[in-house]
Amino acid sequence: MLLPTLLSLASLTYSFLVLAPSARASWIPNEQTVLGATADEPAEHVGNSQRTSFPTFQTDPYSSRVFNSMWGLLRNHHQAYHPQGRSVVPGIVPRGTLLYHGRSAAGPDRRPEGTDWFAFDAELSYGFARMGRDVDGGAGAMWTYRVTEDLKIVYWDGWSALKWREGVLELQDRFLGINDSERPWPRPPNWPGGGGGPKPGPPSLLGRRKVTGTPGGPPSDVLRAVKLCEWGAEFGIDGYVREEEIFELIMCDMNRKTEVVSAVNITAPVSQPPVAVSQMSYAFTLAESWHITVADTRIRLAPAHAVSTYDPKYTSLARDVRDQSVFKQRIVGIMSEPDVEELRSELRDAVERWNEGTASGVDWSSLHDAATDRFASRFLQLRTALERREPGNDAAIRNFVAATTYGVLMTFTDARLLAAPVDEASKQLHRRLLADTNGLCSKAFTGGLDGLVLSEQEQRIKSAFETVMSHACQLSVDLFAGAVDGSGSLADWEERITGLMEWMAWPVWHRWERQCAWDEVRKMHDLQDDGPPRLECIGTDGKVRDYFVS
């Protein structure tokens, strides 16, 4: 079969499939975990750099989770589908970055000091400045700061600052030694700092926030800030990045490595608020949308030192990773004390190595982006084509499968594979060439890294990455070969790609075909029910005009 003819037929096939009136809007894989090895006998350790063969994905629920957490760093879309964060990553906020702080009942003359919160987007801070003004009539102030020297930060992934969803703060609490039996919290003494890092004083918060939590309720987030800054002082950590729909920064010392750009009174008349102020809820939602699928580049992470509790070495969590949806995985009551100590030890080692500048230099984020770009849309198209097939169009479907998989494999595929084998000799040649194609595809991104000295974290990332790529490439090779030589069942292909995509669980496949209108903005709305978020189109009036739950 000539390749131009194959591609032309595939293009017509795809147009037919996309425009078919009976077709579904899109294929959305269900979020589920593929059952595999037991927690006592986990599949091969994803951090083992010596492994030369890959487990079948049914016995390895860990590699895809590690892959996804690395791809999803600082992307709101990923955090919404993996709210129970499992990764902790050091990084920097670079010099020149603008940070914002809103405060009610303070006025612009009372400069914040000590430990407090910054927002990366002014819209979030504005909400806090207005909050107290609306309640007690105090003067709301907006402060804009500029970073004067790179800030050393640690990022907790997931919706790690969300206060109303159970489980999202548990990894932090276990790491910090916060547990239910300690509530309500006593106010901790001023901590002295230490090491070469910032020496924060007590959280100033102008006396308006309490360190103590509500008796019988969740702990105060101020206590988390206190304990996090206390832990990080030894390593020179300036703050902690978390997400509550918008990224925020716990700053251990507001006035270290920063300068004030402006401080303004934002108090508006309550009796007759200006039109501009009435639109601020929409502005907040707009700011949320900026990093749904695009990572926030104002925060520069070091994935080479990313600690992930998806690693099955955290044995007490391994069964939960295997058996539970990502929306229902928990830490409290499951994570053992030895695993908590292992987390503390690994994070300490990772931050120390990061401070020393010890890393391979591999851009892991770019590798994950490139791999996802290469496979994500093609796999979705393949699954959709196979799902929508109708009696009588099998030949067109096979042409489309052949062309689409060839797009993945073309740089590794010998031209002799484009024609179906006609005798035993050509069949043997095909088998050898297909094996070569699969091997080249599986190690294309990481084959040149085998001679590098990798940290424990990089070994974990590399092994998980190669496991995911091996399954993606093997399926692509099998479908390509079957489409070219006419073997294989379309139903079997659909089953295989469905199973693999459910295991891979890439958040980019959770999609809503509807595009929000020019006067609408997309929002990832947490439903607070241990399930996926609701995708909404919000109008400039702040009202939900349409929504979709994947």
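Scroll up a little and you will see the structure.
The structure reproduced in this document is the subject of the present report. All of these numbers come straight from a predicted model, not from anything done at the bench. (Residues numbered from 1 in each chain as written. Predicted model: local features only at pLDDT ≥ 70, side-chain atom pairs only at ≥ 80, totals over all residues. Heavy atoms only, no water.)

Per the counting criterion, the structure on display carries twelve aromatic pairs. Relative to Tyr-145, the ring of Phe-118 has its centre 4.8 Å away and its plane inclined at 65°; by these criteria the two rings are edge-to-face. Here Tyr-145 lies in strand S4 (residues 141–147) and Phe-118 lies in strand S3 (residues 116–119), a separation of 27 residues in the sequence. Overall, Phe-118 belongs to the buried group, its relative accessible area being 2%. Under the relative-accessibility criterion, Tyr-145 is labelled buried at 0%. Where Trp-156 meets Phe-175, the ring centres are 5.5 Å apart and the plane angle is 65°; that geometry is what we call edge-to-face. Highlighted residues: Trp-156 in strand S5 (residues 151–156) and Phe-175 in helix H5 (residues 170–176), separated in sequence by 19 residues. In terms of burial, Trp-156 and Phe-175 fall into one category: buried. Three or more aromatic residues joined by ring pairs make a cluster, and in this case those are Phe-67, Phe-445, Phe-465, Trp-506 and Trp-509. Directly above the ring of Trp-71 sits Arg-75, whose terminal nitrogen or CZ lies 4.4 Å from the centroid. (Phe/Tyr/Trp six-rings, centres within 6.5 Å; stacked < 30°, edge-to-face > 60°. Helix = DSSP H or I, 4+ residues; strand = E, 2+ residues; numbered from the N terminus. Buried < 20%, exposed > 50% of the residue type's maximum accessible area, 1.4 Å probe, protein only. Lys NZ or Arg CZ within 6 Å of the ring centre and 35° of its normal.)

For the structure shown, the criterion picks out three disulfides. Paired by a disulfide, Cys-229 and Cys-252 hold their sulfur atoms 2.0 Å apart. One disulfide, between Cys-229 and Cys-252, carries an S-S torsion of -90° and so falls in the left-handed class. Here the residue Cys-229 occupies a position in helix H6 (residues 221–232), and Cys-252 occupies one in the loop between strand S7 (247–251) and strand S8 (258–265), the gap between them amounting to 23 residues. Taking the relative accessible area as the measure of exposure, Cys-229 reaches 1% and is therefore buried. A relative accessible area of 1% means that Cys-252 is categorised as buried. For Cys-441, the disulfide goes to Cys-473, at an S-S distance of 2.0 Å. A torsion of -70° about the S-S bond marks the disulfide between Cys-441 and Cys-473 as left-handed. Placement of the pair is Cys-441 in helix H13 (residues 424–442) and Cys-473 in helix H14 (residues 456–485), with a sequence separation of 32 residues. (Disulfide = S-S within 2.5 Å.)

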